[in-house]
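If you want the building blocks of each chain, they are given just below.
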Amino acid sequence: MTDNASYETHETADAPGAASDKTTDFGYRAVPLTEKKPLVRAVFDSVASRYDVMNDLMSLGVHRVWKRMFNAQLAPQPGLSLLDLAGGTGDVTFGWLAGGGGPAIMTDINEKMLAVGRDRAIARGYVSDLSFCVVDAEQIPLADRSVDRVTISFGLRNCTDKLAVLKEARRVLKPGGRFMCLEFSQVQVAALAPVYDVWSFKVLPTMGQLIAKDRESYQYLAESIRMFPDQETLADMFREAGFAHVKYQSLSGGIAAIHSGWRL
Ligand code: SAM
């Protein structure tokens, strides 16, 4: 179901090496490398105000369970700092702070998503030990070896150069620091696959149309999940980026997975 090579960029055969010929996936479409970010931006500009309600509806609330498991493994501690990449509306950052974690930097490339997250933070009373920054996860504006934990939850799939994100995460981690990723993955229970396909390609776009008035963004969601590297491929990418003690745990029959790696 997953194209294991899809995290790589591709060059067309007739003009290898020409920058303009490099493409990447945007859902099932191959688009020029430079076009993916504006397309992803348009998706999240469009869904930002309805993002949280759609998450609950689309996953029937299960994303909250996955995020709780993710946070439990992240094991927040007061003396540790967190950089949350593609933090969106803040669930992972809030889990960290609620769990007693130290200073957090919540980041996203999209101002609208981050603004929803900021409003939610204020409503929850998270006003100290939290800063916000518009950041492209592929080029993190932090010094080498500056944070204890880096997270990305349902964000890596939307990035153009996924290996660059992993390398950047490792660069900014202190030695002994940990990077964790929560993302959709490859379903491993055969009986689940047909139901999941109908849910992804029929139900989700229809929900998107009815609730968020945006069918295309939820069609992209379903396609982008299928194009994302499977569990083993992503673990290999972690290793290629230099992480040690790489491991993963499939969730809900492989619908999602938690990957973890350490900077030695
Ligand atoms: N982390 C949140 C969560 O788990 O609910 C939000 C995930 S949302 C599906 C994906 C987020 O990735 C969006 O907010 C989007 O703006 C962000 N994103 C996409 N490309 C990015 C990039 N290159 N750098 C940082 N964030 C990016």
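None of these values were measured; they are calculated from a predicted model.

Visitor: Before we go on, may I ask you to explain the packing of aromatic side chains in this structure?
Guide: Enumeration over the complete set of coordinates arrives at 9 aromatic pairs. Pairing Phe238 with Phe243 gives two aromatic rings, centres 5.5 Å apart and planes at 45 degrees, and the pair type is tilted. Residue classification places Phe243 among the buried residues on the basis of a relative accessible area of 5%. An aromatic cluster of at least three residues, connected via ring pairs, comprises Trp66, Phe154 and Phe184.

Visitor: So what exactly am I meant to see when it comes to the side chain of Asn110 here?
Guide: The residue Asn110 is located in the loop between β5 (104–108) and α5 (111–124) in this model. Judged by its relative accessible area of 2%, Asn110 falls in the buried class. At 3.1 Å, the side chain of Asn110 forms a polar contact with the side chain of Asp45. Contact partners of Asn110, with chain neighbours within four places excluded, come to Arg41, Phe44 and Asp45.

Visitor: I would appreciate a short explanation of the nonpolar core in the present structure.
Guide: Note on soluble globular proteins: their nonpolar side chains tend to be buried together. In terms of nonpolar packing, the biggest core is built from 42 residues, with Trp66 and Phe184 touching the most fellow members. Setting aside residues no more than four positions away along its own chain, Trp66 makes contact with Phe154, Leu182, Phe184, Leu251, Ser252, Ile255 and Ala256. Core analysis: the second largest hydrophobic core is formed by 26 residues, Val135, Ile140, Cys159 and Ala241 among them.

Parameters at a glance
- Residues numbered from 1 in each chain as written.
- Predicted model: local features only at pLDDT ≥ 70, side-chain atom pairs only at ≥ 80, totals over all residues.
- Heavy atoms only, no water.
- Phe/Tyr/Trp six-rings, centres within 6.5 Å; stacked < 30°, edge-to-face > 60°.
- Buried < 20%, exposed > 50% of the residue type's maximum accessible area, 1.4 Å probe, protein only.
- Helix = DSSP H or I, 4+ residues; strand = E, 2+ residues; numbered from the N terminus.
- Polar contact = N/O pair within 3.5 Å; in protein donor to acceptor, adjacent residues only side chain to side chain.
- Contact = heavy atoms within 4.5 Å.
- Core = buried A, V, L, I, M, F, W, Y, C linked by side-chain atoms within 4.5 Å.

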